[in-house]
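Spelled out from the first residue to the last, the chains are:
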Amino acid sequence: MRTLTTVAECRTALLPHRLQEKIIGFVPTMGALHEGHFSLIRQSKLHCDVTVVSIFVNPTQFGPSEDFDKYPRTFDDDALALSDMDVEFLFAPDREEMYPRVGGISVNVGDVAARYEGAVRPGHFNGVATVVASLFNIIQPSIAFFGQKDAQQVAVIRRMVEDLHWPVEIQAMPTIREESGLALSSRNRYLDEGSRIDAAMLYRVLENVANVLENHGSVGQALEHGFELARREIPAHSLDYLDVVDSETFQSLTSLEPLGERINEGISAAIIIAARIGGTRLIDNRPVTIKAERS
Ligand code: PAF
């Protein structure tokens, strides 16, 4: 594996592969790698000729009171794991390389980021879209792999790629979970034993809502069940949101019917949840694929 730290190095290293029309797979990360990242990398290794993984803790996607400084940084372990997986290139730029000037141009994502994570973390998705746009320009991947766990991030990136006519395919891979149902996340490192048990409840709530929905309940009934379970099982006042959304637009759904015609295109709804558990903000989601007869 070659580690590249500058944009120029990256361009030079990837050019021969591009000229040979190799399929370049790209997995953007902020490091602190876990099985969720490894599953994306395995997909890239499977479907692409060359795999590039980036590690960059992107300052512009953290709010002033968020955990940028304490975000886990485990570069040596990460690099070792990537090398063991036969990743061809690791791109690990520093802040000055990615952001050569203060107050530079940024991407402003629209309504897909207006609610949920976008509302709780103002500016977060502009920061994500800006760094991903920059990384796409540097690496020029054929396919980029993202975890479905960050469902709104996937919706934002898909929208950006579509609206800006980017020739890159976005692949979203299923969330990897612990046996308890807890979705893997770099931030799980902040959780103590007790918080881990509380955190696993997020998935139980999602499953509960999905069961009602998939057994022909209404969105209202399903959410009512979910809120009741959350009230009983998740520490008081820790729930940020629980909702059913169109997973493409991230608009709240009061019924599954608006998805009508788009069902055949494989568009689904998602149940989304966010909570602050033991001081750590966690998000999770569960896709609900609407069966045609329900429309
Ligand atoms: O999902 C992440 O780890 C980050 O948001 C990303 C996509 C690497 C951008 O910094």
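Let us look at the structure shown here. Model, not experiment: these values are computed from the prediction.

Here we take up the packing of aromatic side chains. Enumeration according to the criterion identifies seven aromatic pairs in this entry. Summarising the aromatic geometry, the rings of Phe62 and Phe68 are spaced 5.3 Å apart at their centres and angled 65 degrees between planes, so their arrangement reads as edge-to-face. Judged by relative accessible area, Phe62 falls into the buried class, the value being 9%. Ring centres of Phe62 and Tyr71 lie 5.7 Å apart, and the angle between their planes is 75 degrees; on these two criteria the pair is classed as edge-to-face. Ring pairs connect the aromatic residues Phe26, Phe136 and Trp166, which therefore count as one cluster.

Pro28, Thr29, Met30, Asn58, Gln61, Val131, Phe146, Asp150 and Gln153 make up every residue found near the ligand. Separating an oxygen atom of the ligand from a side-chain N or O atom of Gln61 is a distance of 2.6 Å. The separation between an oxygen atom of the ligand and a polar side-chain atom of Gln153 is 2.7 Å. Protein chains shield 88% of the accessible area of the ligand, which is 290 Å² for the free molecule. Looking at the shell around the ligand residue by residue, the class counts come to four nonpolar, four polar and one charged.

In this structure the tally under the stated criterion is 13 salt bridges. A salt bridge links Arg281 to Glu117; the shortest N-O distance between them is 2.7 Å. Highlighted residues: Arg281 in strand S9 (residues 280-288) and Glu117 in helix H5 (residues 117-120), separated in sequence by 164 residues. Since its relative accessible area comes to 16%, Arg281 is described here as buried. Of the residues examined, Glu117 reaches a relative accessible area of 5% and is grouped as buried.

Let us now look at the pairing of strand S7 (residues 239-246). The side chains of a regular strand alternate between both faces of the sheet. In terms of residue burial, S7 counts as a mostly covered element, since six of its eight residues are buried. Pairing of S7 with strand S8 (residues 269-277), which is carried by seven bridges, proceeds in the antiparallel orientation. Looking across to S8, one finds that Val245 is bridged to Ala270.

Let us look at helix H1 (residues 7-19). For H1, built from 13 residues, the straight-helix expectation of 18 Å at 1.5 Å per residue is met to within 8% by its first-to-last C-alpha distance of 18 Å. Where H1 bends most, at Ala13, the angle is about 30 degrees, and the proline Pro16 comes one to four residues later. For H1, the set of buried residues is Val7, Cys10, Ala13, Leu14 and His17. The inward-facing, buried residues of H1 contact strand S1 (2-4), strand S2 (24-29), strand S3 (50-55), strand S4 (89-91), helix H4 (95-98) and helix H6 (124-139). Just downstream of H1, Glu21 is the residue with a positive phi angle, here 60 degrees.

Reading the values: rules and limits
Per chain, the residues get numbers from 1 upward, laid out in the order the sequence is written. The predicted nature of this model means local features are confined to residues of pLDDT at least 70 and side-chain atom pairs, given and counted, to a pLDDT of 80 or more, with totals for whole chains, interfaces and linings taken over all residues. Excluding hydrogens and water, the side-chain values take into account all heavy atoms of the structure. The rule is short: rings of Phe, Tyr and Trp, with Trp giving its six-membered ring, pair when the centres are within 6.5 Å, and they are stacked under 30 degrees, edge-to-face over 60, tilted in between. With a 1.4 Å probe rolled over the protein chains alone, any residue whose accessible area is under 20% of its type maximum counts as buried; one over 50% counts as exposed, and the rest are partly exposed. Put simply, a residue is near a molecule or strand once any heavy atom of it comes within 4 Å of that molecule or strand. Polar contacts, as counted here, are pairs of nitrogen or oxygen atoms within 3.5 Å of one another; within protein the pair requires one atom able to donate a hydrogen and one able to accept it, and residues that are adjacent in sequence qualify only if both atoms are side-chain atoms. Using a 1.4 Å probe, the Shrake-Rupley method yields the accessible areas, and only the shown protein chains count as cover for residues. The classification used treats Ala, Val, Leu, Ile, Met, Phe, Trp, Tyr, Cys and Pro as nonpolar, Asp, Glu, Lys and Arg as charged, and all other residues, Gly among them, as polar. The term salt bridge refers to a side-chain nitrogen of Lys or Arg lying within 4 Å of a carboxyl oxygen of Asp or Glu. Strands here are runs of E lasting at least two residues and helices are runs of H or I lasting at least four, both read from the DSSP assignment and numbered beginning at the N terminus. DSSP calls a pair of strands paired once it identifies at least 2 bridges connecting them. Take the residue count of a helix, subtract one, and multiply by 1.5 Å to get its expected span. The quantity called bend is, for any residue, the angle between two axes fitted respectively to the seven residues ending at it and the seven beginning at it. Should any heavy atoms of two residues lie within 4.5 Å, those residues are counted as being in contact.

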